[in-house]
Amino acid sequence: RGGMGWALLGVGLLLALYTLLRHGLRRAPPPRSRPELRGRTAIVTGERRARPRARPREGVPPTPALLQAVLCLQETGNPEVRFMQLDLASLRSVRAFASAFLRQEPHLHLLINNAGVTAGGTTEDGFSLSFQVNHLGHFLLTQLLLERLQSCAPSRVVIVASSAHCAGRLHPDTLGRPPPGRLSTFQDYCDSKLANVLHARELATRLQGTQVTCYAVHPGFVNTELFRHMPLWLKPLFLPLIWLFFCEAADGAQTSLYCATQEGLECFSGRYFADCHLQEPWPVARDDRLARALWEASERLVGLGEGRESPSP
């Protein structure tokens, strides 16, 4: 256990050092903008763990729909924000969500594939947990919603990746299996982040001429609950890293918002952004043959392909 802990800490320090050298120590976040999204429909995947603090009205039964409406209003102050259940660790749940959304919402202009985990384990579909949540689930979701995005073009897909893609290793013939070795969980996370960058690259190639554009994003080291599955004995070792290098969630969201709303980015579809600037990912993330092989393997694993289903109502 101790050896693995020091190994994980060492990998974390190396990534932090890389970020320090490339981006600077706690680089000041870009100015926060308030983009005009009135009349546009967006999906942002992510975890929601809070609970309602009050009933909607005295004497009104707290049905799930009412509780969701009250909670979203309390959390965002925006009555137009709504919550829909989605479990990316279940391909069945992804299909159910896509079908429900397409029945209920006639438009979709923005899809931000933001949710992510770094945890060991296997999903009900038989894939490693991090790889399915971070890549395969989002890959299927994007494909099932692609027709609606095209019908509402111009539209965008933003895929939240990470600089951890630099340590990714993808082998299409073993895709979705937990990597071997003592650092399996960390390697699985890095593999999924490499898959995110390659997904955006290949998606852009396939969407040329459709006015649907896509971007991969490195949000920076962000102080969220991404590493909540880390063993308790290991967490204190990462507190100095969090203090030195991690930014707040609102700052970490700025590059995603930039790629979702900034005008004039269409010519950069498929590219990689960090700190609200275009950047070159690591060479392995620029391998078009690997991107195509990942796409074809992902289609096969999630059950899409020549006879692909349509979730449209």
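Residues numbered from 1 in each chain as written. Predicted model: local features only at pLDDT ≥ 70, side-chain atom pairs only at ≥ 80, totals over all residues. Heavy atoms only, no water.

Draft legend 1. Geometry of the packing of helix H4 (residues 129–151) against helix H9 (residues 288–302). Interhelical geometry of H4 versus H9 gives an angle of 85° and a closest axis separation of 10 Å. In this view, H4 runs roughly perpendicular relative to H9, as classed from their interaxial angle. Residue-level inspection shows His-135, Leu-136, Phe-139, Leu-140 and Gln-143 of H4 in contact with H9, the latter providing Leu-294, Trp-295, Ser-298, Glu-299, Leu-301 and Val-302. A class-by-class count of the residues in the contact of H4 with H9 yields seven nonpolar, three polar and one charged. (Axes fitted to C-alpha atoms, helices over the stretch in contact; angles between N-to-C directions. Helix = DSSP H or I, 4+ residues; strand = E, 2+ residues; numbered from the N terminus. Parallel < 35°, antiparallel > 145°, perpendicular 65-115°, else oblique. Contact = heavy atoms within 4.5 Å. Nonpolar A, V, L, I, M, F, W, Y, C, P; charged D, E, K, R; others polar.)

Draft legend 2. Local environment of the packing of aromatic side chains. One pass over the full model with this rule turns up five aromatic pairs. Ring plane angle 80° and centroid distance 5.9 Å describe the contact between Tyr-215 and Phe-273, whose orientation is recorded as edge-to-face. Taken as a pair, Tyr-215 in strand E4 (residues 212–218) and Phe-273 in strand E5 (residues 272–274) lie far apart in primary sequence, 58 residues in all. Like Phe-273, Tyr-215 is buried. Relative accessible area serves as the criterion here: at 2%, Phe-273 is assigned to the buried category. (Phe/Tyr/Trp six-rings, centres within 6.5 Å; stacked < 30°, edge-to-face > 60°. Buried < 20%, exposed > 50% of the residue type's maximum accessible area, 1.4 Å probe, protein only.)

Draft legend 3. Highlighting the side chain of Glu-202. Relative to the assigned elements, Glu-202 resides in helix H5 (residues 184–206). A relative accessible area of 6% means that Glu-202 is categorised as buried. Residues in contact with Glu-202, not counting those within four places in the same chain, are Asp-288, Ala-291, Arg-292 and Trp-295.

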